[in-house]
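Secondary and tertiary structure notes
Here is how the chains run, residue by residue.
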Amino acid sequence: MLQIVDINGDLERETKKLEQNFCINDHVDLLIEVLQRLDGRSLAAAACVCRQWCSIVRNDSLWEHLCFGNVSPPPSIGIRSVVLALGGYRRLYMVCVRPVASQLKRRRIDGGESEVVRRVWNRHEVELSLSLFCVEYYERLLGGGGVVGGESRATSLKFLCKAVNVSI
Amino acid sequence: MGPHDSSISAAAGSTSSSSSACSTSTKPPQPPDQMDHLLAGAGYKVRSNDLHQVAERLQRLETVMVKSSPVEISELVNDAVHYNPTDLASWVDSLLTELNTNPPLSVPVPTDLSDPNAFPANINMYANHAPQVHGEFSQQVVAPFEEDVSIQLVHVLMTCAEAVQRGDLSLAGLLIDDLQALLGRVNSGCGIGKVGSFFVDALSRRIVNSPENAVHADLSAYENEILYHHYYEACPYLKFAHFTANQAILEAFDGQDCVHVIDFNLMQGLQWPALIQALALRPGGPPLLRLTGIGPPSPDGRDSLREIGLKLAELARSVNVRFAFRGVAASRLDDVKPWMLQVSPKEAIAVNSIMQLHRLLGPNSSRGPPIDLVLDWIRDLNPRILMVVEQESNHNQPEFLDRFTEALYYYSTMFDSLDVCTAQPEKALAELYIQREICNVVCCEGPVRVERHEPLVRWRDRLINAGFAPLHLGSNAFKQARMLLTLFSAEGYSVEENEGCLTLGWHSRPLIAASAWQAIPKPSTTIGPINHP
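Rules of the game
Residues numbered from 1 in each chain as written. Chains lettered and ligands numbered in written order. Predicted model: local features only at pLDDT ≥ 70, side-chain atom pairs only at ≥ 80, totals over all residues. Heavy atoms only, no water. Helix = DSSP H or I, 4+ residues; strand = E, 2+ residues; numbered from the N terminus. Buried < 20%, exposed > 50% of the residue type's maximum accessible area, 1.4 Å probe, protein only. Salt bridge = Lys/Arg side-chain N within 4 Å of Asp/Glu carboxyl O. Contact = heavy atoms within 4.5 Å. Pairing = 2+ DSSP bridges. Right-handed = clockwise from strand over helix to strand, strands pointing away.

- Per an unreviewed UniProt entry, chain A carries the name F-box domain, cyclin-like protein and comes from Cynara cardunculus var. scolymus.

Written as structure tokens, this is what we have:
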């Protein structure tokens, strides 16, 4: 019996040592696995934790998983190049997926879904989000180089420009 | 439903003859000899200060008549006219006296006296809009409320339009003053107040200017584009049009390697990014896409068509779609000749007309309406799909009053739907865009009136006669349209399917209709222009 107590004591000491030495930041693959399961808001909050987390969260593949990880059937291969060309998955989430999802959620009769729960998207919703994303990209193109931040829309800028332009 | 909704339906012909109310107590006292303009428009002379009394007496007359026996009524019907019903006050007094004393003498007979509902509909202007009490004719005067002013506004608008149609511009001018007063009393930030103010404005312009020469402040193409863009952002009608058209075009281009889209009104090309992206992602890879955009020539040396083409090309390049653009500058669609489009026989063609065909229904100086010629050359191009999106309303009727009534109803519904949009400046500029349409429908005549909207049923007939066969818009388009609508915060929009066409409306009133067509090849008597013997 004395022996067993000793082993337990050893085990406790060993566990304590491990706990003191384990840092999630040393195991980025584990970190990514965890982050992949977060919703958008938590993911954005995670980006504010430290520089390392920030750079990891900025990785577009995390956001790709957030956007279309639950699409059934899985999105075709070509979508990635298109999305990256139009601004990337993080922007897609910010501009299209999140508003579309929240609006569609509001419409559901069986409410009570929290934002954390990942919905399963269907093909139509994916296509619509991509189309809207493309229109948004195009509106930024129309707006020209003077877009303030990423948020202000080309329309409002044009309006301002018009007010200044006093051509007869 | 906003207050103006009920006011429009009341104007459409409510003959509530039961419970009484009188809203004239809210009118400021008029000079003693002032005749009421509204009734003057209908042909009756009543002093404004007497309106309350006359209304009361008419109701009493109605009660008496209902209680009278059929024999007495038939006596009234058979007797000749002795009193002039134009002088409504004395007419109703004399009629009351006659009925009360059951005289064998003749009494005045307006047209269908046997029908208790035949009294001038204008009297209903003073009727309360409260729910009817069946069988009971109460004589209480109920305090007026806001809806009465809306109903009055609509009625005075109608009377004014009627006066304009008759050519009685002096009466119309007086009614405009009445309307301005009424507008001051109603909330002009929403509902009937706002729409009403636009229509009053349009009517007063029409009275002042001759309709054939009506040219209100012409906007530059750039300003027009801005208004259009804000209209695009503020309400879903254009987005619905674009997305539905794109879906149909995408399906029509299935399996084709060379495709050519002809856009009748390029504007800023907002429709095409989504199509380019959808083509980029289609299974089998994207085709070679050619886009020909038609638009008005730009005045100040800028080639705006080319600029838009460059932006679209940039987008197409980012998503790896081979793309070619061509701009055709034409101020009128019938100035475009088919050779300008440079179609090649190997490619699949789609013709896209978003709210452009109705402009061709007006008279042209040399020939008839150019619509038939244009539809003819479209058919010659042999497109795989002709996409037609038009406003779902009849603003091309020959009689001004019919057009006016229809426009009032249509644009009220549209403004109702716009009320739920809160984003500024999108909403204000979208309203400005719609106001210009209203002005064109109301103020202009002849070739200047380009907003000649016609409903889907008429377009169907026209297109079938021109040699096109309808294509059914599939369930994909329908699902996409429904999903698009859920993104707009308002719950009132509805998408409906109508014999293969889709309509988008507000609270079951369709406002815009999208349909797809395929050209039936002409039975060829000649093999081709070159081989003509």
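**Here's the deal with unusual backbone geometry**
Residues and elements named next belong to chain B.
- Non-glycine residue Glu-499 carries a positive phi angle of around 55°.
- Along the polypeptide, Glu-499 turns up in the loop between strand E7 (493-498) and strand E8 (501-506).
- Non-glycine residue Ser-508 carries a positive phi angle of around 70°.
- If you trace the backbone, Ser-508 turns up in the loop between E8 and strand E9 (509-519).
- A residue is classified by how much of its surface remains accessible, and Ser-508, at 56% relative accessible area, is exposed.

**Considerations on the pattern of salt bridges**
Residues and elements named next belong to chain B.
- A full pass over the atoms with the stated rule returns 21 salt bridges over all chains.
- A salt bridge links Arg-206 to Glu-445; the nearest nitrogen and oxygen atoms lie 3.1 Å apart. One end of the pair, Arg-206, is in helix H8 (residues 191-208); the other, Glu-445, is in the loop between helix H15 (426-443) and helix H16 (456-465), and 239 residues separate them in sequence. Just as Arg-206 is buried, Glu-445 falls in that class too.
- Through salt bridges with shared partners, one network takes in Arg-206, Arg-403, Glu-445 and Arg-449.

**Thoughts on the environment of Ser318(B)**
- As for its placement among the helices and strands, Ser318(B) is situated in helix H12 (residues 304-318).
- With 41 residues separating them in the primary sequence, Ser318(B) and Gln277(B) have C-alpha atoms 9.8 Å apart.

**Points about the environment of Leu471(B)**
Residue and element names in this part refer to chain B.
- Within the secondary structure, Leu-471 is located in strand E6 (residues 468-471).
- On the accessibility criterion, Leu-471 (25% relative accessible area) is partly exposed.
- For Leu-471 and Arg-384, which are 87 residues apart along the polypeptide, the C-alpha to C-alpha distance reads 10 Å.
- Setting aside residues no more than four positions away along its own chain, Leu-471 makes contact with Arg-384, Ile-385, Gly-500, Ala-516, Trp-517 and Gln-518.

**Side note on the pairing of strand E1 (residues 258-263) of chain B**
All names here are of chain B.
- Counting buried residues along E1, 5 of its 6 residues qualify, which places the element largely inside the surrounding structure.
- Alignment of E1 against strand E2 (residues 288-295), held across 6 bridges, turns out to be parallel. The partner of Val-261 across the bridge, within E2, is Leu-291.
- You can see the chain leave E1, run along helix H11 (residues 272-280) and come back into E2, and the turn it takes is right-handed.
- Bridge count between E1 and strand E4 (residues 348-354): 5 bridges; the pairing is parallel. Note that in E4 the partner of Asp-263 across the bridge is Asn-352.

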